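One-letter residues, chain by chain:
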Amino acid sequence: MPYHHILVAVDLTEECDPVIHRARELAVSNSAKLSLVHIVEPMAMAFGGDVPMDLSQLQQQQFDQAKERLERLILKYPELTKDCSHLTYGQPRQEIHHFAKEQACDLIVVGSHGRHGLALLLGSTANDVLHGAPCDVLAVRLVKS
Ligand code: AMP
């Protein structure tokens with residue numbers, strides 16, 4: 001059964017290129033639609049929700065920076081239009097699942113680092129996304145160059 005709508009989740013670092021490349025290949029070979037999503041994690045969430053200061057300005061800067069990076073990224077990939085590239089606030093796992101369900105995606109593509117030691121204990125977004133995903137998940141192995 002071919003995939004119809006592939007969702008690629010990106011962290012907007014230089015490491016997202018191999019993840020997008022794999023998602024594009026799959027979109028072409030399945031004649032599927034390709035959507036991209038990046039989640040901006042609210043700072044209060046990153047700090048455990050217990051920060052005694054106003055983070056709204058910093059948060060706006062964080063969002064604007066992500067928007068700029070996303071716009072630069074989609075310029076590199078002609079098939080990724082603004083209409084199919086999404087930026088949203090929230091917790092990555094929750095928002096990626098929500099988006100995949102809402103848009104009837106049948107495959108989520110994420111990057112995955114081989115983790116060791118402390119990093120393994122802290123867990124990964126790829127692992128997080130896999131649990132309770134509403135569709136198939138492909139973890140593209142990222143190797144450090
Ligand atoms: P990490 O667990 O941070 O190493 O991220 C692994 C992969 O999860 C990345 O390559 C992306 O595919 C995805 N990912 C991480 N953070 C985000 C984010 N904020 N928004 C969307 N996808 C993300």
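Cut-offs used in this document
- Residues numbered from 1 in each chain as written.
- Predicted model: local features only at pLDDT ≥ 70, side-chain atom pairs only at ≥ 80, totals over all residues.
- Heavy atoms only, no water.
- UniProt positions renumbered as here; feature names shortened; annotations may be inferred.
- Helix = DSSP H or I, 4+ residues; strand = E, 2+ residues; numbered from the N terminus.
- Contact = heavy atoms within 4.5 Å.
- Near = heavy atom within 4 Å.
- Polar contact = N/O pair within 3.5 Å; in protein donor to acceptor, adjacent residues only side chain to side chain.
- Areas by Shrake-Rupley, 256 points an atom, 1.4 Å probe, with all protein chains shown as cover.
- Expected span 1.5 Å × (residues − 1).
- Buried < 20%, exposed > 50% of the residue type's maximum accessible area, 1.4 Å probe, protein only.
- Arc of directions from axis to C-beta.

Looking at an unreviewed UniProt entry, the protein chain carries the name Universal stress protein, with the source organism given as Pseudomonas kielensis. The protein chain has a UniProt comment under Sequence similarities (unreviewed entry) that states "Belongs to the universal stress protein A family." Listed under Subcellular location (unreviewed entry) in UniProt, the entry text for the protein chain is "Cytoplasm".

Enquirer: Explain the environment of Glu41 here, please?
Expert: Its location among the elements puts Glu41 in the loop between strand S2 (33-40) and helix H2 (43-46). The spatial distance from the C-alpha of Glu41 to the C-alpha of Gly90 is 5.1 Å, given a sequence separation of 49 residues. What Glu41 contacts, discounting residues up to four positions off in sequence, is Gln62, Gly90 and Pro92.

Enquirer: Mind showing me how you'd approach the site of the ligand here?
Expert: Around the ligand, 15 residues are found, and the nearest of them are Ala9, Ile39, Gly111, His113 and Thr125. The separation between an oxygen atom of the ligand and a polar main-chain atom of Gly111 is 2.9 Å. Here an oxygen atom of the ligand sits 2.7 Å away from a polar atom, N or O, in the main chain of Thr125. When the free accessible area of the ligand is taken as 480 Å², the share hidden by the protein chains comes to 88%. Elements represented by at least two residues in the shell around the ligand include exactly S2, helix H4 (92-102) and strand S4 (107-113).

Enquirer: It is not clear to me how unusual backbone geometry should be interpreted in this structure. Could you clarify?
Expert: For residues besides glycine, phi is generally negative; the peptide bonds are generally trans as well. Phi at Ser31 takes a positive value of approximately 50°, unusual for a residue other than glycine. With respect to the helices and strands, the residue Ser31 is situated in the loop between helix H1 (16-30) and S2.

Enquirer: Please explain helix H3 (residues 56-76) as it appears in this structure.
Expert: For an α-helix, 3.6 residues make a turn, and residues three or four places apart therefore share a direction. Taking 1.5 Å per residue as the helical rise, H3 with its 21 residues ought to reach 30 Å, and the 31 Å between its terminal C-alpha atoms agrees with that figure. Every buried residue of H3 is accounted for by Gln59, Phe63, Ala66, Leu70, Leu73 and Ile74. Down the axis of H3, the sector holding all buried residues measures 90°, keeping them to one side. Along H3, the residues that are exposed and aim more than 90 degrees away from the buried face are Gln57, Arg72 and Leu75.

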